[in-house]
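A closer look at the structure
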Amino acid sequence: MSGLERIRDRAEVTLAAVVSLLFGASFGWNCGINNQVVYMLGSLRLVHPDILARDWFATSTTHYHPTFKYLAAGLLALNEKGWAVGIAQTVVIGAGTAALYFLLRALVDRRHALPGFLLLVAFATLTRTRGACAIFAFDYILQPSSLGTAAFFISVPFFVRGQWLASGIALAVSGLFHANYLILFFGAYALAHLGLGVRDPKELWRRASRQLLPPLAVLALFAPMILATAGAKDARLAQEIYTTIRAPHHFMIHGRERDFLGFIAWHLLGLGAAVPLTRNRKGPAARLVTLILALLLVIWTGVGLSALAQLRPVTQLFPWRITPHVELLLTALACAGAVRVILEPSAGRRYGVTAMALIVGGLGALALHGSVEESARLPALAAGVVAVAALSWLASESARRFVPEPGLARARALWQRGGALVGLAAAVAVLLTFLAPRLQEVRRSSSVLSGLRADERALFAWMQASTPVDAIFLTPPDNERMRYHGQRPIVVDWKSNPIVPGEVLEWIRRLEDVTGRKIRSHRDLQGYSSLDEARVQALRQRYGVDYVVVRRGQNKELRRYKTAYSNRGFTVLDVRE
């Protein structure tokens, strides 16, 4: 590589890194919201050991993301207002996204990698990396799955280059942060190594052991928790509660089959575009397709066993959790193939009838999915990219027939020199069309910048300043922020559910106690609004409640208790005697 080429290469890597970080920043900077109030609760206690000592969930349930707990504690110690957590979110998403750029560099000519990557990020900006059944690769908060996803994507370029140990270490890091990913990705990589060839047992053992031993060591660390979850006497009942009551939007596929239509569309587009790239059966593209097929086997086997055979352990394993990850890999293949044809039109001749049929079928499925989702932008972008590639190939083929050879040679030389720059400029324009509006929304969508609602902030400040650190609060179970931001023990909430069977049963019993209803869905939490003196007294005797928080105007049946605090949103009653 000459000096000029080296400078250009570094410039391209720098641009890819900047784009990756901007994509990460487009998710906003958030702390102490949504799943973080569960996953960062142990982190908060590490920073403030004196709080929540009497909280059941914080002290008596199994913490199933221990690695994340210590990482988040370090971030909170750096900045408790959440800036360190928010910035870490950007960096983690940026690292995972940049790994996809290096994946493209392994698949296609370096001149094609950056435009293909920019198109990939444009697609990811549109989809927000979301998939079927309310799942995602990256989300707007830093959580264990964010780190697990980034580490998985980092493992993939190493795999396609044949750097098995580096890929295995990245996979182990993914598993350290997310046990569900650990099991699913471990199985897929094992299948992928079988798919790469079993004729030479020594060679298979060499590469598979380097890939799988690091995550296997992590799996051994999580084995006690996994066995406790699966082997307890109440496991079946706990699985039913978890999958059909607490999170049916994730686990119940029946009625959500249409959600998978977009995923299937990318099967067709990605694998169709990959056909010419996989002519070298031992090359990087062939390895990636082998890995994708292994991942698809894990996903669709799980979907079949869950939806058709209704095996609850498989449902709880949640195999379709990794569909957005595979969709991004398929999108990377599609973008790589399209850009290659645009910048090197002669490559279009390698697409036969089968590949073209897959691509056209994928566009049709994506268009149908767009009509279901009431958004035409994603299929329009995909159709536009395919159309440009097709026109580029048609123009090249027409020139071969009708342009004299000297003129044709000059045109080819000109496109060889300037085509990559034109393609890069066009890809930048496409990306900015979709990414710029997302970046403009960051301030509004970032809790670190906008904060919580005023009534919640005032309530949480009062709880911390005016009540004993061990005072137990009875709170609306559908408000997930009381425990984390108020920094006081509560009886129970909907968001903070355990996964170990005995703990799940205790969690549902507490919910039924505070709502006065049999819990069948999230709607039953409305029973809390009918709280009366008899229920408060029973809860005080059972759980040692000191204060009761109700929404403003819902304390009509509790007038005998003294109002300790009130604002526009909440009333706090002192029920101590």
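An account of the accompanying structure is given in this report. What you are looking at is a predicted structure, and each value in this text was computed from that prediction instead of being measured.

Structural notes on the overall build of the chain
- Along its length, the chain carries 26 helices and six strands.
- The dimensions of the chain, computed from C-alpha atoms along their principal axes, are 100 × 50 × 45 Å.
- Here the chain holds 577 residues, and the buried ones make up 55% of them.
- Within the chain, contacts between residues at least 6 apart in sequence are counted, and of these 72% link residues at least 24 apart.
- If you sum the accessible surface of the chain, you get close to 25000 Å²; carbon and sulfur atoms cover 60% of it.

Things to note about the packing of aromatic side chains
- In the structure shown here, the tally under the stated rule is 23 aromatic pairs.
- Ring centres of tyrosine 101 and phenylalanine 117 lie 5.5 Å apart, and the angle between their planes is 65°; this geometry places the pair in the edge-to-face category. With tyrosine 101 in helix α6 (residues 83–107) and phenylalanine 117 in helix α7 (residues 110–127), this residue pair connects regions lying 16 residues apart in the sequence. The exposure classification of tyrosine 101 matches that of phenylalanine 117, with both residues buried.
- Pairing phenylalanine 263 with tryptophan 300 gives two aromatic rings, centres 5.9 Å apart and planes at 25°, and the pair type is stacked. Here phenylalanine 263, found in helix α14 (residues 261–274), pairs with tryptophan 300, found in helix α15 (residues 284–307); they are 37 residues apart in sequence, far enough to count as distant.
- Take tryptophan 300: its relative accessible area is 32%, and that puts it in the partly exposed class.

Notes on the sheet that holds strand β4 (residues 547–551)
- Strand order in the open sheet made by the four strands is β3-β4-β6-β5, with mixed pairing throughout. Each edge of the open sheet carries a strand with a single partner, namely β3 (473–474) and β5 (562–566).
- When β5 meets strand β6 (residues 570–574), the two strands line up antiparallel, connected through four bridges. Counted as the bridge partner of serine 566 is threonine 571 from β6.
- In this fold helix α23 (residues 454–466) packs onto β3, β4, β5 and β6, with an angle of close to 20° to the strand it touches most, β6.

Quick word on unusual backbone geometry
- The backbone of arginine 128 sits at a positive phi, close to 55°, despite the residue not being glycine.
- Using a relative accessible area of 11% as the deciding quantity, one classes arginine 128 as buried.
- Not every positive phi belongs to a glycine, and cysteine 133 is a case in point at roughly 60°.
- By secondary structure assignment, the location of cysteine 133 is in the loop between β1 (130–131) and β2 (135–136).

Overview of the side chain of glutamine 316
- Tracing the backbone through its elements, the reader meets glutamine 316 in helix α16 (residues 312–317).
- Of note is the side chain of glutamine 316, whose polar atom sits 3.3 Å from the side chain of glutamine 239.
- The contact partners of glutamine 316, leaving out residues within four places of it in the chain, are Thr229, Gln239, Tyr242, Thr243 and Phe251.

Overview of the pairing of β4
- Counting buried positions along β4 gives four out of five residues, so the element sits mostly inside the fold.
- Strand direction decides the pairing type here: β3 and β4, joined by two bridges, are parallel. Among the inter-strand pairings, phenylalanine 473 is bridged to a residue of β4, identified as tyrosine 547.

Quick word on the pairing of β6
- Where burial is concerned, most of β6 is hidden: five out of the five residues are buried.
- Burial of the side chains of β6 extends over both faces: Phe570, Val572 and Asp574 are buried on one face and Thr571 and Leu573 on the other.
- The pairing of β4 with β6 spans five bridges and is classified as antiparallel. Within β6, the position partnered with tyrosine 547 by the bridge is aspartate 574.
- Where β5 folds back on β6, the antiparallel hairpin that results is connected by three residues.

Some thoughts on the pattern of salt bridges
- Overall, the coordinates contain 21 salt bridges when judged by the stated rule.
- Between glutamate 506 and arginine 509 there is a salt bridge; the shortest N-O distance is 2.7 Å. Taken as a pair, glutamate 506 and arginine 509 lie in helix α25 (residues 501–515) at a separation of three residues, close to a single helical turn.
- The buried category is assigned to glutamate 506, whose relative accessible area is 19%.
- As a salt-bridge pair, glutamate 512 and lysine 518 come within 3.9 Å of each other at their nearest N and O atoms.
- Ionic contacts of the salt-bridge type, sharing partners, join the residues Arg8, Asp9, Glu12, Arg105 and Arg110 into one network.

Observations regarding the packing of helix α8 (residues 144–160) against helix α10 (residues 179–195)
- Taken N-terminus to C-terminus, the directions of α8 and α10 make an angle of 15°; their axes are 11 Å apart at the nearest point. The orientation of α8 with respect to α10, classified from their angle, is roughly parallel. Relative to α10, the crossing made by α8 is right-handed. In this structure, α8 contributes Ser145, Gly148, Thr149, Phe152, Ser155, Val156 and Phe159 to the contact, and α10 contributes Tyr181, Phe185, Tyr189, Ala192 and His193.
- Among the residues making up the contact of α8 with α10, the classes are represented as seven nonpolar, five polar and no charged.

Digging into the side chain of histidine 112
- One can find histidine 112 in helix α7.
- The buried category is assigned to histidine 112, whose relative accessible area is 2%.
- Setting aside residues up to four positions removed in sequence, histidine 112 forms contacts with Val339, Arg340, Leu343 and Glu344.

What counts, and where the lines are drawn
- Residues numbered from 1 in each chain as written.
- Predicted model: local features only at pLDDT ≥ 70, side-chain atom pairs only at ≥ 80, totals over all residues.
- Heavy atoms only, no water.
- Helix = DSSP H or I, 4+ residues; strand = E, 2+ residues; numbered from the N terminus.
- Buried < 20%, exposed > 50% of the residue type's maximum accessible area, 1.4 Å probe, protein only.
- Contact = heavy atoms within 4.5 Å.
- Areas by Shrake-Rupley, 256 points an atom, 1.4 Å probe, with all protein chains shown as cover.
- Phe/Tyr/Trp six-rings, centres within 6.5 Å; stacked < 30°, edge-to-face > 60°.
- Pairing = 2+ DSSP bridges.
- Axes fitted to C-alpha atoms, helices over the stretch in contact; angles between N-to-C directions.
- Polar contact = N/O pair within 3.5 Å; in protein donor to acceptor, adjacent residues only side chain to side chain.
- Salt bridge = Lys/Arg side-chain N within 4 Å of Asp/Glu carboxyl O.
- Parallel < 35°, antiparallel > 145°, perpendicular 65-115°, else oblique.
- Left-handed = near helix turned anticlockwise from the far one by under 90°.
- Nonpolar A, V, L, I, M, F, W, Y, C, P; charged D, E, K, R; others polar.

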